[in-house]
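Structure assessment
Listed here are the chains, written in short residue letters.
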Amino acid sequence: MTYTLIARCPRSGAFGIGIATYSLAVGAKCPAIATGVGALTTQAFVNPTFKALSLRILGQGFPAASVLKQLRDADPEFEYRQVALIDRRACRGEQRELV
């Protein structure tokens, strides 16, 4: 069983991610956070390129749903992944279904 929380504090604007899973080194593989930009976490068949790519796109001001679509369009195996992200406005995007 895997649990993931991703959030933005409305008072400070800080982002946080909490992950509990069986996978070793999940903290090195899954989360990506940038102050004032957003946060992303990916699990289940992790695509390591998502971390830098999503933060770069979020940093350009794109909303979370648009970033999720761009990740989907760039990855032919996207449907096998679990992805959640939040932008600086606390809007979120997520892909939870596994095929």
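One can find the structure itself at the top, above this paragraph.
Definitions and limits used
- Residues numbered from 1 in each chain as written.
- Predicted model: local features only at pLDDT ≥ 70, side-chain atom pairs only at ≥ 80, totals over all residues.
- Heavy atoms only, no water.
- Buried < 20%, exposed > 50% of the residue type's maximum accessible area, 1.4 Å probe, protein only.
- Helix = DSSP H or I, 4+ residues; strand = E, 2+ residues; numbered from the N terminus.
- Arc of directions from axis to C-beta.
- Salt bridge = Lys/Arg side-chain N within 4 Å of Asp/Glu carboxyl O.
- Pairing = 2+ DSSP bridges.
- Contact = heavy atoms within 4.5 Å.
- Phe/Tyr/Trp six-rings, centres within 6.5 Å; stacked < 30°, edge-to-face > 60°.

Turning to helix α3 (residues 64-74), a few remarks are in order. For α3, the set of buried residues is Ala64, Val67, Leu68 and Leu71. The arc that holds every buried residue of α3, seen down its axis, measures 100°, which confines them to one face. Exposed and oriented more than 90 degrees from the buried face of α3 are Ala65 and Asp73.

Once the charged atoms of two side chains with opposite charge are near each other, the side chains can pair. According to the stated counting rule, one finds 5 salt bridges in the structure shown. Residue Arg81 pairs with Asp75 through a salt bridge whose shortest N-O separation is 2.5 Å. Exposure class is identical for Arg81 and Asp75. Each is buried. Between Asp87 and Arg89 there is a salt bridge, and its shortest N-O distance comes to 3.6 Å. Each of Asp75, Glu77 and Arg81 takes part in a single network of salt bridges with overlapping partners.

Next up on the list: the pairing of strand β2 (residues 15-20). Both strand β1 (residues 3-8) and β2 contribute to a ladder of 6 bridges, which runs antiparallel. In the sheet register, Ala7 faces β2, and the bridge partner there is Gly16. Taking the residues that link successive antiparallel strands as the turn, the β1-β2 hairpin has 6 residues, and the phi of Gly13 there is positive, at about 80°.

Turning to the side chain of Ser54, a few remarks are in order. Note that Ser54 resides in helix α2 (residues 49-59). In contact with Ser54, not counting residues within four places along its chain, are Leu40, Val67 and Leu71.

Attention shifts here to the environment of Gly38. Structurally, Gly38 is set in strand β4 (residues 38-43). Gly38 sits in the buried class, given a relative accessible area of 0%. In sequence terms Gly38 and Asp73 are 35 residues apart; their C-alpha atoms lie 20 Å from each other. Apart from the residues within four sequence positions on either side, Gly38 is in contact with Phe15, Ala32, Ile33, Leu55, Leu58, Ile86 and Asp87.

What follows concerns the packing of aromatic side chains. Enumeration according to the criterion identifies 2 aromatic pairs in this entry. A ring pair is formed by Phe50 and Phe78, whose centres lie 6.0 Å apart and whose planes are at 45°; its orientation type is tilted. Here Phe50, found in helix α2, pairs with Phe78, found in the loop between α3 and β5 (82-87); they are 28 residues apart in sequence, far enough to count as distant. Phe78 shares its class with Phe50; the two are buried.

The quantities given are spatial measurements derived from coordinates; they are silent on function.
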